[in-house]
Amino acid sequence: MNQYNVSEVGCVIPSEFVAWLIANGVVAYDIKAAYVAEGWRGIAAVNQLPAGALILQVLTAHLLHETTKGHMSQWHPYLAQLPHDYTLMMNFNPEHVRALQAPHAQQTATTTCQQHQQSWTEDKGLLSMLGLPKKWCSLKAWLWASSTVCSRTMHVPFSSAGALTPFGDLHNYHPPPPPHYPEIEGVSACCNQDRVQDYEDYGDGGYSESFQEYCLYARKRYCKGEQVFLCYGKYTNLELLEHYGFVLAHNPHDEAFLPLSAFPSSFATYLEQQCRTASHCFLHCNGIPGWQLLQDLRCYTATPMERKQLGHLAIAGQRISLAHDTEVFNVLRSVCDSVLNQLGSSLGRDEQLLQLAAPDDCMQAAVSWRVSYKRCLHAGIQVALEALAALDTLAAQA
């Protein structure tokens with residue numbers, strides 16, 4: 001394992017920041033800052049990087065309020081190179097919120113914005129008392145600081161707010177392996193389980209109590225020049241947008257929420273009788289319904305006697321009968337169609353919009369999210385059609 005001189009990164013990060021990293025004990029092993037396809041700047045391997053290699057030690061971290069000290073702060077070289085703007089949901093204006101189109105996403109964005117504005121209202125008096133310059137007491141400054149803390153800090157045991165990790169926060173995110181989906185006969189999306197081997201562990205980290213350092217590790221073998229990713233948990237695209245300000249085009253943990261209002265009213269009654277909420281009513285990124293949703297739909301289409309005698313099949317992820325599964329997937333197709341028809345634009349139109357220059361980055365992020373949501377819904381329709389075709393074939397053979 002070779003210690004890499006971070007001064008060799010060229011113009012990827014400012015030279016003042018490079019000097020500051022060296023002076024403050026940031027040690028990088030076989031990695032460097034680089035321009036990358038995903039995320040603009042990132043971390044790339046300098047040499048062959050074996051799995052388990054220690055790739056970063058950050059000896060110190062500090063709270064974001066140091067930014068207000070300007071050049072007087074010892075952290076200024078790091079703070080000065082942070083993004084000037086963020087696309088986390090807390091930065092959305094009403095137009096951005098409307099661009100999400102889906103009511104549940106709009107509600108999430110509205111709530112997030114209100115919470116952070118409320119926090120600013122409660123704390124702006126304290127900011128003034130601290131003697132901060134006026135611009136640092138504004139809502140804009142508060143949202144910038146909050147976005148930095150939310151999207152760039154890493155967990156440490158001694159602070160619930162986390163800690164900023166200079167250079168470490170240049171790593172871009174890679175999702176963990178996909179979940180295990182229900183198996184539905186005749187559905188192609190069930191055949192490869194989203195190729196789990198394509199989603200091996202890429203890298204993670206944690207605070208070392210013994211060394212009093214935050215250490216990041218490579219969890220796979222990297223080739224020279226390959227981007228070194230960091231995985232920090234499972235997130236849907238809506239959660240990534242809310243907490244980190246970006247959306248993945250291929251996120252194995254993305255979900256498309258299906259509002260209860262799109263289902264037959266009798267299904268809502270059934271869920272109420274079972275003391276369940278609509279939180280499990282979603283499709284996976286490939287259109288396959290979640291385990292609990294599929295189980296509930298299978299039990300819902302059965303008679304009370306069938307539930308008593310054959311309900312164990314639904315719990316095990318199996319169909320109760322061909323006729324019942326036909327009804328299940330007709331319901332799912334209808335629900336997906338209904339949700340898509342209630343949104344303000346088509347998937348094709350939104351994909352065209354992404355090819356054009358958006359008015360601002362937040363609008364681009366909002367449209368990107370609704371594209372991923374609609375792709376899940378269209379995949380759900382495809383899953384339903386394939387399942388229905390397979391059921392027809394089985395019925396004809398019976």
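Residues numbered from 1 in each chain as written. Predicted model: local features only at pLDDT ≥ 70, side-chain atom pairs only at ≥ 80, totals over all residues. Heavy atoms only, no water.

Caption draft 1: Representation of the overall build of the protein chain. Across its full length, the protein chain holds 12 helices and 11 strands. Put simply, the protein chain has 398 residues, and 49% of those count as buried. Restricting to contacts in the protein chain with at least 6 residues of sequence separation, those with at least 24 account for 68%. Surface summary for the protein chain: the accessible area is close to 19300 Å², and the carbon and sulfur share equals 54%. (Helix = DSSP H or I, 4+ residues; strand = E, 2+ residues; numbered from the N terminus. Buried < 20%, exposed > 50% of the residue type's maximum accessible area, 1.4 Å probe, protein only. Contact = heavy atoms within 4.5 Å. Areas by Shrake-Rupley, 256 points an atom, 1.4 Å probe, with all protein chains shown as cover.)

Caption draft 2: Highlighting unusual backbone geometry. Here glutamine 101, not a glycine, exhibits a phi torsion of approximately 70 degrees, which is positive. Within the secondary structure, glutamine 101 sits in the loop between α3 (94-100) and α4 (103-129). Look at phenylalanine 167: it is not a glycine, yet its phi comes out positive at around 75 degrees. Tracing the chain through its elements places phenylalanine 167 in the loop between β7 (159-164) and β8 (203-208).

Caption draft 3: Representation of the packing of aromatic side chains within the structure. Across all of its chains, the model carries 11 aromatic pairs by this definition. Aromatic pair tyrosine 270 and tyrosine 300: ring centres 6.3 Å apart, planes at 55 degrees, arrangement tilted. Taken together, the residues span a long stretch of sequence, with tyrosine 270 in helix α7 (residues 265-273) and tyrosine 300 in helix α8 (residues 291-301) at a distance of 30 residues. Like tyrosine 300, tyrosine 270 is buried. Members of the aromatic cluster, joined through ring pairs, are Tyr173, Tyr232, Tyr235, Tyr244 and Phe246. For lysine 220, the ring lying beneath its charged end belongs to tyrosine 222, and the centroid distance is 5.0 Å. (Phe/Tyr/Trp six-rings, centres within 6.5 Å; stacked < 30°, edge-to-face > 60°. Lys NZ or Arg CZ within 6 Å of the ring centre and 35° of its normal.)

Caption draft 4: Focus on the packing of helix α10 (residues 322-342) against helix α12 (residues 361-397). Running from N to C, α10 and α12 point in directions that differ by 155 degrees, and their axes come no closer than 9 Å. With respect to α12, the element α10 is oriented roughly antiparallel. Two packed elements cross with a definite hand, and for α10 against α12 that hand is left-handed. A per-class count over the contact of α10 with α12 returns 15 nonpolar, four polar and four charged. (Axes fitted to C-alpha atoms, helices over the stretch in contact; angles between N-to-C directions. Parallel < 35°, antiparallel > 145°, perpendicular 65-115°, else oblique. Left-handed = near helix turned anticlockwise from the far one by under 90°. Nonpolar A, V, L, I, M, F, W, Y, C, P; charged D, E, K, R; others polar.)

Caption draft 5: Broad picture of the side chain of histidine 324. Here histidine 324 is to be found in helix α10. Judged by its relative accessible area of 11%, histidine 324 falls in the buried class. At 2.8 Å, the side chain of histidine 324 forms a polar contact with the side chain of glutamate 306. In contact with histidine 324, not counting residues within four places along its chain, are Thr301, Ala302 and Glu306. (Polar contact = N/O pair within 3.5 Å; in protein donor to acceptor, adjacent residues only side chain to side chain.)

Caption draft 6: Seen up close, the nonpolar core. Judged by nonpolar contacts, the single largest core of 60 residues is most densely connected at Phe92, Phe329 and Leu377. For this core, the secondary-structure elements that each account for two or more residues are α3, α4, α6 (237-243), α7, α8, α10 and α12. If one sorts the elements of this core by residue count, α12 sits on top with 16 residues. Grouped together as the second largest cluster of nonpolar side chains are 17 residues, Trp75, Leu79, Leu82 and Tyr86 included. (Core = buried A, V, L, I, M, F, W, Y, C linked by side-chain atoms within 4.5 Å.)

Caption draft 7: Looking closely at the environment of alanine 314. Here alanine 314 shows up in helix α9 (residues 304-315). For alanine 314, a relative accessible area of 3% gives the class buried. Once the C-alpha coordinates of alanine 314 and leucine 294 are considered, the two residues, 20 residues apart in sequence, prove to be 7.9 Å apart. Setting aside its immediate chain neighbours within four residues, alanine 314 contacts Gln295, Arg298, Cys299 and Ile320.

Caption draft 8: Highlighting the pattern of salt bridges. Inspection of every chain in the model, using the stated rule, returns eight salt bridges. The partner of aspartate 169 in a salt bridge is arginine 152, and the shortest N-O contact between them spans 3.3 Å. Taken together, the residues aspartate 169 in the loop between β7 and β8 and arginine 152 in helix α5 (residues 139-152) connect sequence positions 17 residues apart. Each member of the pair aspartate 169 and arginine 152 is classed as buried. With a shortest N-O distance of 3.3 Å, glutamate 185 and arginine 319 are connected by a salt bridge. Of this pair, glutamate 185 sits in the loop between β7 and β8 while arginine 319 sits in the loop between α9 and α10; the two residues are 134 residues apart in sequence, bridging distant segments of the chain. Note on glutamate 185: relative accessible area 46%, which makes it partly exposed. A residue is classified by how much of its surface remains accessible, and arginine 319, at 29% relative accessible area, is partly exposed. (Salt bridge = Lys/Arg side-chain N within 4 Å of Asp/Glu carboxyl O.)

Caption draft 9: Examining α10 more closely. Taking 1.5 Å as the rise per residue, α10 with 21 residues should run 30 Å; its terminal C-alpha atoms sit 31 Å apart, in good agreement. Restricting attention to buried positions, one finds in α10 the residues His324, Asp325, Val328, Phe329, Val331, Leu332, Val335, Cys336, Val339 and Leu340. Looking straight down α10, one finds its buried side chains confined to an arc of 160 degrees; they lie on one side. Set apart from the buried face of α10 by more than 90 degrees, the exposed residues are Ala323 and Asn341. Those residues of α10 that are buried lie in contact with β11 (282-284), α8, α9 and α12. (Expected span 1.5 Å × (residues − 1). Arc of directions from axis to C-beta.)

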